[in-house]
Each structure stands twice: as C-alpha cells, then as structure tokens.
Amino acid sequence: MFRQTFRQVARQSNSVVRRAYATEAATASEALKLSLALPHQTLYSESEVEQVNLPSINGDLGILANHIPIVEQLRPGLLEIISKGGETDQYFVSGGLATVQPGNKLTISAIEAFKPDQFDAQSVKDLIADAQKRAASSDEAVVAEANIELEVLEALQHVAK
Amino acid sequence: MATLREIELRLKSVRNIEKITKSMKMIASTKLAKAQRAMVSGKEYGIANAEVFKNAPADEPAKRKLIVVISSDKGLCGGIHSSVSKATRRLINDPESGIDPSSPIMVIGDKSKAQLSRALGQNLSLSFNQIGRDIPTFADAAGVADLIIKSGVEYDSIAIVYNKFISAISYEATVVEVESEEALKESAGFKAYEMEDDVTKDLAEFSLANAIFAALVESHACEQSARRTAMDNASKNAGEMIGRLQMQYNRGRQAAITNELVDIITGASAL
C-alpha cells in the first residue's frame, strides 16, 4: 500500500518560530543539503537542492528544507532530486538508507543508483523470467535471493521504458 | 674474496631480483592509481555513513568492544601488517580506554592473523582471507559484516583498525568506531530522529558494512603505496649491489689476466 506523505516543517522566520516539531532551531542555511553516496561513486556531496522524493518501505516521502531528523529505509524505486533551478534528476536505487540529520542535511547511502534511461526493458524482462524460475526452487537460500531480485526487478520494470 | 665463478653467479641472481622488484614496483604504481580513485569515493561513502554516529554518540564508552583488524594476505609491502597489529595490541592493552582485555578480535588477512595469534591468540575469534587481492567491493564488505553478525559475538561497539592513507608515501594505523544497535538506541542524540518502524537494527547492520567497506578500500590503497615504496627501495639496493659486485668481478678478472701475463713474461725471460 502506498501512502503519499509530504511532511513539511514550517520555515523559521527571522525571530519568530511559528511552528516547529524539533526543539532545536534550524539556524543553518535555508536550502536542503543533499549527500548521495554510493560505495564506488559520490553523486552528490553537500549540494543544495530544493526537494528530494524518497521511495521508502513505508511509502513515498518528499523531503524539503528544515525537515525533522528521520531515518528511513529505502525500497527499490525511483529517487527524484529537484534542484533549485527546478530540474529533476531521477535515479533508480535498489535500496539503502536515508537520514535527515539535525541541521538540514539529508544523507542517502545506497549501493547502486542509475538513471532510468540506462536500463534496457528487454533485459529486465529476461532477468525477471530467470528469477521467477529460481524462486520455484527447493533450496531456501536460492528462493530468498530470487525473491529479493524479483522485488528489485519488478520495481525496475515500472521505471525502465 | 670468492672465485670469479661465484661472483658471476651472484651477479646473475641479483640482476634477476632487480628485474623482479622493478616490475613489482610498476605493477604497484598502476594499482595504486586505481586504488586511490576508488578510495576517494569510498571515503565519502564512509563519511556519509558516519554522520548518524556523529550526531548520536554513545553515552558511555564501550566496555566490550569487538575489534576488526584489516590487513591482507600478501607480503612485501613494508610495515602495513605490523602497524595494524601493533595498533591493535596498543588498543587492547591501553588501561585508560577501559576496554576489556578479553575483547574478541576478528582479523581480515592472513599476515596480521599470524602476527596477532602470537601475541593475542586467545582473543582471536574469526578470520577472513582472500580479501584484498583486488579493489574491495561492497559485496566483500557486506559478506564480512554478515558473518560478523551471524557469529553471535557480544559487543557494545565495534572498533575497526585499519591503515589510514595520509599521502602516497605515508600511512597511519587508525581506529574507527561503529556503534551497536543497543548503544544507538540508548544514545540521547539518537532520540531526535523519528522513525516509522524500528529501523535501528537495519541501520546498525548497514552502517557496519559501510564502515568496513570504507576501511577496506583505504587499507588497500595504503598497501599498494607501501608495496611500491618497498619495491622501489629493494630495486635501489639491488642496483647498488650490482655495482659493487661488478667492480669486484672486473678487478678479479683483471687480476687473473695480470697473473697470466706475469707467468708468460717470467717464463719467456727465463729462456
């Protein structure tokens, strides 16, 4: 079940805190700082962005500036990064962890992230058929691995055109 | 000194060794370039991973630490393995850190395993090998983290001992701490984070794999740079030996020729 949740914390004006969920004041700069790190590549390192949409296991989240600190586990899906100029960058991630730190920083650790146009829809179909065959095996470990593959591949199928 | 024949044999063998060390140096140089590039991304990844621990430090220092020592199976790389082993011994025997001297140690790499089993053999609980032949991948780190967690060893925090890359010619043994699930839950800073379901266990396990990955990649780069330096020194030494032996050989050869000439001339003048 998907739940579109857009959490927005009110921006802090000069001297008055209109509404704050966290007790500490966000005195850092107003823009959200995104760090998206993969083991073999760093995609974003403390870059200022407008909004980030995360595919989390509990639903999709949109993170804006001054979000309260959260820890979210990501499910295989599309990560959208909307920069200050309004352009949207999309990456398909196979899973990972997203943390909003106190101080307006969003840190995403993912193992793999690729742009949707780098995928070939036909290969995805072939891989799904292969994984489904293995999911019917009798060995528990093989079945578990195949099910994880299917989870990622099925999410990928929606993304790869 | 030795006969001409012996010097000649020695000269041939040192020349071969010089060729080998020179080629090992070249290989280590190219591997170092690749390893350094991987290390840059790996380090960023490790820093991103450590953000949560920076904001949620453990309230009290851990008593029972699990020490993970990162080295490799191959030698001929200078003091890499002994630096990490020494740092581990210092860490365990340090009275101020309050660490339990019977803390379990897990070693990645046969060379350090041999050194530590002599000094702290009773602490060794698990060892890994065949890691570090090539640039470490996240799959290696995840496998190690998985086995550590499955082993069921009890700990309050994990201390990863590895070689930190300072420059292309210097490295230093460093310790990085990863908190366990319980320490995170009890930390005051951690309560600031809101979570839907309890992801603390997943966070702790994922962070462990990430920290091990960052340490593996950096250690690998240090090892390549140390090997290059060591082979460079060995080639220089071999070159010097070749020069000396060549001098000896030439002097010996000229002495033999002079002796023969003296024999011939005295023989001829006796007639």
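Everything quoted here is computed from the prediction, not taken from an experiment.

What counts as what
Residues numbered from 1 in each chain as written. Chains lettered and ligands numbered in written order. Predicted model: local features only at pLDDT ≥ 70, side-chain atom pairs only at ≥ 80, totals over all residues. Heavy atoms only, no water. Helix = DSSP H or I, 4+ residues; strand = E, 2+ residues; numbered from the N terminus. Buried < 20%, exposed > 50% of the residue type's maximum accessible area, 1.4 Å probe, protein only. Contact = heavy atoms within 4.5 Å. Buried area = accessible area lost by both parts, 1.4 Å probe. Salt bridge = Lys/Arg side-chain N within 4 Å of Asp/Glu carboxyl O. Polar contact = N/O pair within 3.5 Å; in protein donor to acceptor, adjacent residues only side chain to side chain.

Colleague: Honestly, unusual backbone geometry in this entry has me stumped. Any pointers?
Modeller: Apart from glycine, the bulk of residues carry a negative phi angle, and the bulk of peptide bonds sit in the trans form. Residues and elements named next belong to chain A. Positive phi, close to 55 degrees, is recorded for Glu46, a residue that is not glycine. With respect to the helices and strands, the residue Glu46 is situated in strand β3 (residues 41-56). Taking the relative accessible area as the measure of exposure, Glu46 reaches 39% and is therefore partly exposed. The backbone of Asn66 sits at a positive phi, close to 60 degrees, despite the residue not being glycine.

Colleague: Quick question: what am I supposed to make of the interface of chain B and chain A here?
Modeller: The interface is formed by 22 residues belonging to chain B together with 28 residues belonging to chain A. Buried surface at the junction of chain B and chain A, summed over both partners, amounts to about 2100 Å²; 61% is from carbon and sulfur atoms. It is Tyr45, Glu194 and Glu196 of chain B in chain B that bury the most area against chain A; as a group they hold 26% of the surface buried on that side. The interface formed by chain B and chain A includes 1 salt bridge. Notably, a salt bridge pairs Glu51 of chain B with Lys105 of chain A, separated by 2.5 Å at the nearest N-O pair. Our count for the chain B to chain A interface comes out at 3 residue pairs in polar contact (both at pLDDT 80 or more). For the side of chain B that touches chain A, the secondary structure elements donating two or more residues are α1 (4-55) and α6 (200-270) of chain B.

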